[in-house]
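# Summary of structural features
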Amino acid sequence: MSDLPIHLLLFALMGVGIVVLASFYSEPEDCKALAAIPRRFVAFVIGCGIVALLLVLAQYTVASVR
Amino acid sequence: MDAAQRTGRGDANVAAALTWVVPGAGHVYLGAPIFGIAAFLVVTGLYVLGIRLSGGMAFEFLQTDLRSLIAPVLTPEVGNLSAVIWHMRTYGFGPPFPRPWPEHIELGTFLTAASGVLNVCLACKAHFDARLPRGMRSTRPAPGLLVLAGWVLPGLGHWLQGRRLRGVLVFSCVAGFVALGTALAQGANLDRERHFYYWSAQFLAGSPAWILEAFWGGELVRSDLRYGDAGLAFGAVGGLLNILAWLDVYGSGEREALAHLEPAEPPAARVPA
């Protein structure tokens, strides 16, 4: 659990890279692509959070090995 | 259907698909047999050289439980479909007992993987050439070459297009991810034998991954890899993100190139002496 901040930092770093390149791929104009990065990053974090939540729920319910 | 498609040399998708199946076949279909045969010799020659150096043992790197018919689909070699099918039919996963690796197996598997990616660049060229009207040429850089440049050095394709900000961002993300991944995994990510699939993705990151592997590949792991998994993920994601950069550079490169055409021969050259 003490590693959590480092894991979150690594996740944020990877998320920024993915969002930046995805934003520039989607938007032909650089200014629009740059402006879209914060909104896209929030959507990325929320989406990943939902997936993580579902995985944790599954771990304690249908996929529990206890 | 736009003007370029109406007056092009053939169906662009057919040309690209033919090239994927057999290197150079797309150009033979487009009426450029000499280029097609030369491309076949270079791309397939690279694969054959790789097979000779590796003894065809690239897929023997896979642990037994990871071996399946679709395993080659997740490697760069799949870019050269006929070669990878021949490779699997001739060598497969090898005999059911371990045997020593040939001396130059790393170089050999590098060449077979490079042949697959080169053929993807060739397919891009076939796609563009099919859309290029007869008797015309573009004044802009060829999109297939831009993709090749973007593979060799991430962001170089964008840079050559004049999209400098994108080029710098692509290089920073892709090379940064591979470098960070290597640091976190202490070089364990730079070994195809150790991490077959992660290596396959990371190979697409181009020279940053190759240079790191040339200097630090195959190093012994001497301590606990606390963030080894994160390192593998960073390296692999770096390579996969470069595919996104190739798509961007090809899409815009093809649009630009088709919008800036000129006659292939200058008017003076067409006047009989």
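Residues numbered from 1 in each chain as written. Chains lettered and ligands numbered in written order. Predicted model: local features only at pLDDT ≥ 70, side-chain atom pairs only at ≥ 80, totals over all residues. Heavy atoms only, no water.

We now examine the overall build of chain A. Along chain A, the regular secondary structure elements total 2 helices and 0 strands. What you see for chain A is a C-alpha radius of gyration of 16 Å, clearly larger than the 11 Å of a compact globule of 66 residues, by over 25%. Its C-alpha atoms put chain A at 50 × 25 × 15 Å along the principal axes. Across the 66 residues of chain A, 20% fall into the buried class. Both charge centroids of chain A, one from 4 positive and one from 4 negative side chains, sit 11 Å from each other. (Helix = DSSP H or I, 4+ residues; strand = E, 2+ residues; numbered from the N terminus. Rg over C-alpha atoms; globule rule 2.2 N^0.38 Å. Buried < 20%, exposed > 50% of the residue type's maximum accessible area, 1.4 Å probe, protein only. Lys, Arg positive; Asp, Glu negative; His and termini not counted. Charge placed at Lys NZ, Arg CZ, Asp CG, Glu CD.)

All names here are of chain B. Its domain assignment divides chain B into domain 1 (1-134) and domain 2 (136-264). Taking only C-alpha atoms, the centre of domain 1 and the centre of domain 2 are 19 Å apart. With 30 residues of domain 1 in contact, the opposing surface of domain 2 contributes 24 residues. Both faces considered, domain 1 and domain 2 share a buried interface measuring about 2300 Å² in area, 74% of it formed by carbon and sulfur atoms. Of all residues in domain 1, F61, F110 and F128 bury the most surface against domain 2, accounting for 24% of the area lost on that side. (Domains from an automatic or database assignment. Contact = heavy atoms within 4.5 Å. Buried area = accessible area lost by both parts, 1.4 Å probe.)

This part takes up the interface of chain B and chain A. Every contact between the two is made by 19 residues of chain B and, on the other side, 18 residues of chain A. The largest contributions to the chain B side of the interface with chain A come from R166, Y227 and L244 of chain B, which together make up 34% of the buried area. Its salt-bridge partner being D3 of chain A, residue R226 of chain B comes within 3.2 Å of it at the nearest N-O pair. Summed over the shared surface of chain B and chain A, the result is 6 residue pairs in polar contact (both at pLDDT 80 or more). Counting residues per element, the ones that place at least two in the side of chain B that touches chain A are helix 9 (164-184) and helix 12 (228-259) of chain B. (Salt bridge = Lys/Arg side-chain N within 4 Å of Asp/Glu carboxyl O. Polar contact = N/O pair within 3.5 Å; in protein donor to acceptor, adjacent residues only side chain to side chain.)

We now examine the environment of A58 of chain B. The residue A58 of chain B is located in the loop between helix 4 (33-54) and helix 5 (81-90) in this model. Sequence separation between A58 of chain B and Y91 of chain B is 33 residues; the distance between their C-alpha atoms is 9.2 Å.

So, on to the side chain of S54 of chain B. All names here are of chain B. Among the structural elements, S54 can be located in helix 4. Separated by 2.8 Å, the side chain of S54 and the backbone oxygen of G50 make a polar contact. If we ignore the near neighbours within four places in the chain, the residues touching S54 are P102, I105, G108 and T109.

Right, let's talk about unusual backbone geometry for a bit. Residues other than glycine seldom take positive phi values, yet Q186 of chain B does so here, at roughly 50°. Within the fold, Q186 of chain B resides in the loop between helix 9 and helix 10 (196-203).

What follows covers the nonpolar core. V147, W151 and F203 of chain B are the most contacted members of the largest nonpolar core, which totals 38 residues. Listed by contribution, the elements that provide at least two residues to this core are helix 1 (4-26) of chain A together with helix 6 (105-131), helix 7 (143-152), helix 9, helix 10, helix 11 (207-216) and helix 12 of chain B. Here this core takes 10 residues from helix 12 of chain B, the largest share from any one element. Apart from residues no more than four positions distant in its own chain, F203 of chain B is found in contact with P76, F110, A113, A114, V117, W151 and W210 of chain B. The next biggest cluster of nonpolar side chains, apart from the first, holds 15 residues, and it includes L62, L81, A83 and I105 of chain B. (Core = buried A, V, L, I, M, F, W, Y, C linked by side-chain atoms within 4.5 Å.)

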